[in-house]
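# Examination of the molecular architecture
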Amino acid sequence: MVYAPVCIPTLNRYEHLKELIESLQQNSWAQYTDLYIGLDFPPSEKYEEGYKKIVQYLCGGINGFQKVHVIKRNINIGAGKNASLLVEEALETFDRFICIEDDNIVSRDFLEYMDKCLDYFYEDKRVNMIGGYTNTLLENSVDNLNANIFAIHDGNAWGWGSWKENWHHMVKEDPFSGFNH
């Protein structure tokens, strides 16, 4: 099994980030998962308090993961570029990734579901990304993976994953798909 790294771009939403990380720590597969946190630099004073809280939180160390990588930007590069560069940094080592905005809370089986789907659909060229959220009620457990899978033509930023080749193809075909807008 390949365990995809989790990429979390952030800036100043300390409470949200803390809640997301705590929810990820509740996943049994967190211990096998690398965590990449991209901390953008505040663009103005109004973001500094939350930014400083995140810096202090990250300096305290985060446990429960295979490895934690903190990429702290020296200048403000904006949310899109922060996310894109964070994914690229993870893809220097891995062939897949999971990206989650910092204001999400995930279920206890989120990492297992995402990793199993990223593994299962690895060579299926019809699949561009795996979504970790739907507003459709799914009644079956992750143990019956096929019962929890359906195709849609769009996605959302509430936890998704893809593969290096697909990511680079998306960015090449449509630079805006790489968060650069």
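The text that follows walks through the structure, step by step, so that each part is easy to find. All values reported here derive from a predicted model rather than from experimental measurement. (Residues numbered from 1 in each chain as written. Predicted model: local features only at pLDDT ≥ 70, side-chain atom pairs only at ≥ 80, totals over all residues. Heavy atoms only, no water.)

### Brief notes about the pairing of strand β1 (residues 6–10)
Where burial is concerned, most of β1 is hidden: five out of the five residues are buried. Neither face of β1 is open: one carries Val-6, Ile-8 and Thr-10, the other Cys-7 and Pro-9, and all of them are buried. As defined by bridge partners, β1 adjoins strand β2 (residues 34–39) across five bridges and the pair is classed as parallel. Its bridge partner lying in β2, Cys-7 is registered against Tyr-36. Between the parallel elements β1 and β2, the chain passes through helix α1 (residues 14–25) in a crossover that is right-handed. The pairing of β1 with strand β4 (residues 96–99) spans two bridges and is classified as parallel. From the neighbouring strand, Val-6 faces β4, where its bridge partner is Ile-98. (Buried < 20%, exposed > 50% of the residue type's maximum accessible area, 1.4 Å probe, protein only. Helix = DSSP H or I, 4+ residues; strand = E, 2+ residues; numbered from the N terminus. Pairing = 2+ DSSP bridges. Right-handed = clockwise from strand over helix to strand, strands pointing away.)

### With respect to the pattern of salt bridges
The tally for this structure, following the rule as stated, stands at nine salt bridges. Of the charged contacts in the structure, one is a salt bridge between Glu-22 and Lys-18, with a shortest N-O distance of 2.9 Å. Within this pair, Glu-22 and its partner Lys-18 are both found in helix α1, separated by four residues, close to a single helical turn. Residues Arg-126 and Asp-124 are paired through a salt bridge, measuring 2.7 Å at the closest nitrogen-oxygen approach. Connected through salt bridges with shared partners, the residues Arg-13, Asp-102 and Asp-103 form a single ionic network. (Salt bridge = Lys/Arg side-chain N within 4 Å of Asp/Glu carboxyl O.)

### Here we look at the packing of aromatic side chains
Scanning the entire structure with this criterion turns up nine aromatic pairs. Between Tyr-3 and Trp-29, the ring centres sit 5.3 Å apart and the planes meet at 85 degrees, which makes this aromatic pair edge-to-face. Of this pair, Tyr-3 sits in the segment before β1 while Trp-29 sits in the loop between α1 and β2, placing them 26 residues apart in sequence. On the accessibility criterion, Tyr-3 (23% relative accessible area) is partly exposed. Considering the side-chain rings of Phe-97 and Trp-167, the 5.5 Å spacing of their centres and the 85 degrees angle between planes classify their relative orientation as edge-to-face. Of this pair, Phe-97 sits in strand β4 while Trp-167 sits in helix α5 (residues 164–173), and the two are 70 residues apart along the sequence. Every member of this aromatic cluster is reached through a ring pair, and the members are Tyr-3, Trp-29 and Tyr-32. (Phe/Tyr/Trp six-rings, centres within 6.5 Å; stacked < 30°, edge-to-face > 60°.)

Remember that the coordinates give geometry; whether it matters functionally is a separate question.
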